[in-house]
Amino acid sequence: MKIHKYEKAFLLLSGVILVIFLGASFYAALGMGIMLPSRDGEIDVRQVRTTPPFDNPGVREVAPGVYEVVVIGQAWSFLPQEIRVPAGAEVTFIATSADVLHGFNIEGTRVNVMLIPGQISKVTHRFEKRGEHLLICHEYCGLGHHMMSGKVIVE
Ligand code: CUA
């Protein structure tokens, strides 16, 4: 069997591209610590407001420089609406939905998760610079979807 020389070149190129992409994925995951947001447990969607930690939404310092932010997404707002965290701290958002599917996207960051009824989403981020970020719902959740937003203030 004779392999045309261009065919050989393209086969080789495909192999090289695969190796580069796999290498980039491993480097991102292991070298840079980029991970997909994780699913962090289940919750009864009818009892979100009485189930810890969602019975007490807000910002808590759990260790020096380590913060936890508990957020409920509901039609059509976030609870709390305004989140204040210090610059440079490690902030873990623990969030869920109290009704339908919502999104949780903090503008200008990699924080981008879905709030799925019955599921708890968890994502960690470090805000290096002071400033304000818009927090938006980016999953269509009904009539008021476009008004569903909040604010993350890094101070
Ligand atoms: Cu909540 Cu769109």
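Residues numbered from 1 in each chain as written. Predicted model: local features only at pLDDT ≥ 70, side-chain atom pairs only at ≥ 80, totals over all residues. Heavy atoms only, no water.

Asker: In this structure, what is going on with the overall build of the protein? I would like to understand it.
Answerer: Along the backbone of the protein there are one helix and eleven strands. From first element to last, N terminus to C terminus, the protein shows the α and β order α-β-β-β-β-β-β-β-β-β-β-β. If one aligns the C-alpha atoms of the protein with their principal axes, the spans along those axes are about 70 × 35 × 30 Å. Going through the 155 residues of the protein one by one, you find that 35% of them count as buried. Here the contacts in the protein between residues at least 6 apart in sequence split such that 61% fall between residues at least 24 apart. Here the protein has roughly 9800 Å² of accessible surface; of this, 61% comes from carbon and sulfur atoms. Of the side-chain charges in the protein, 14 are positive and 15 negative, and the distance between the mean point of each set is 10 Å. (Helix = DSSP H or I, 4+ residues; strand = E, 2+ residues; numbered from the N terminus. Buried < 20%, exposed > 50% of the residue type's maximum accessible area, 1.4 Å probe, protein only. Contact = heavy atoms within 4.5 Å. Areas by Shrake-Rupley, 256 points an atom, 1.4 Å probe, with all protein chains shown as cover. Lys, Arg positive; Asp, Glu negative; His and termini not counted. Charge placed at Lys NZ, Arg CZ, Asp CG, Glu CD.)

Asker: Looking at this structure, I do not really get a nonpolar patch on the surface. What am I missing?
Answerer: A contiguous nonpolar patch, built from Tyr6, Phe10, Leu12, Leu13, Val16, Ile17, Ile20 and Phe21 and spanning about 860 Å² of accessible area, is present on the exposed surface. Following the sequence through the fold, Tyr6 ends up in helix H1 (residues 5–31). (Patch = residues over 30% accessible without salt bridge, like charges linked within 9 Å, V, L, I, M, F, W, Y side chains within 5 Å. Salt bridge = Lys/Arg side-chain N within 4 Å of Asp/Glu carboxyl O.)

Asker: Explain the domain arrangement of the protein to me, please; I cannot follow it from the model alone.
Answerer: One widely used convention gives an interface's size as the accessible area the parts lose upon coming together. According to the domain assignment, the protein consists of domain 1 (1–35) and domain 2 (38–154). With centres defined by C-alpha atoms, the gap from domain 1 to domain 2 works out at 37 Å. (Domains from an automatic or database assignment.)

Asker: Would you mind showing me how to read the packing of aromatic side chains here?
Answerer: Geometrically, a pair of aromatic rings is defined through the distance of the ring centres and the angle of the planes. Inspection of the entire model under this criterion finds three aromatic pairs. Between Phe78 and Phe104, the ring centres sit 5.9 Å apart and the planes meet at 85°, which makes this aromatic pair edge-to-face. On the criterion of sequence distance, the pair formed by Phe78 in strand E4 (residues 77–79) and Phe104 in strand E7 (residues 102–106) is long-range, its members being 26 residues apart. Phe78 sits in the buried class, given a relative accessible area of 1%. The exposure class assigned to Phe104 is buried, which follows from its relative accessible area of 1%. Centre to centre, the rings of Phe93 and Phe104 are 5.5 Å apart; their planes meet at 55°, and the pair counts as tilted. On the criterion of sequence distance, the pair formed by Phe93 in strand E6 (residues 90–97) and Phe104 in strand E7 is long-range, its members being eleven residues apart. Note on accessibility: Phe93 and Phe104 belong to one class, buried. An aromatic cluster is present here, built from Phe78, Phe93, Phe104 and Phe127 joined pairwise through their rings. (Phe/Tyr/Trp six-rings, centres within 6.5 Å; stacked < 30°, edge-to-face > 60°.)

Asker: I tried to follow the sheet that holds strand E10 (residues 131–136) on my own but got confused; where do I start?
Answerer: Remark on secondary structure: sheet strands pair via backbone hydrogen bonds, oriented parallel or antiparallel. Spatial strand order, E5-E11-E10-E7-E8: five strands in an open sheet with mixed pairing. Each of the sheet's edge strands pairs with one partner strand only, and the pair in question is strand E5 (82–85) and strand E8 (112–115). Direction aside, the axes of adjacent strands within the sheet are offset by 20° on average. In terms of strand pairing, E7 meets E8 through four bridges, oriented antiparallel. By the bridge assignment, His102 is partnered in E8 with Leu115. (Pairing = 2+ DSSP bridges. Axes fitted to C-alpha atoms, helices over the stretch in contact; angles between N-to-C directions.)

Asker: How do you make sense of unusual backbone geometry when you look at a structure like this?
Answerer: Peptide bonds are, in most cases, trans, and in most cases residues other than glycine have a negative phi. Here Ala75 and Trp76 are connected by a cis peptide whose omega angle stands at 0°. With respect to the helices and strands, Trp76 occurs in the loop between strand E3 (66–74) and E4.

Asker: So what exactly am I meant to see when it comes to the environment of Phe104 here?
Answerer: Put simply, Phe104 and Ala28 are 76 residues apart on the chain and 23 Å apart in space, counted from C-alpha to C-alpha. The residues touching Phe104, leaving out its near neighbours within four places in the chain, are Val71, Phe78, Phe93, Val111, Asn112, Val113, Leu115, Leu135, Ile136 and His138.

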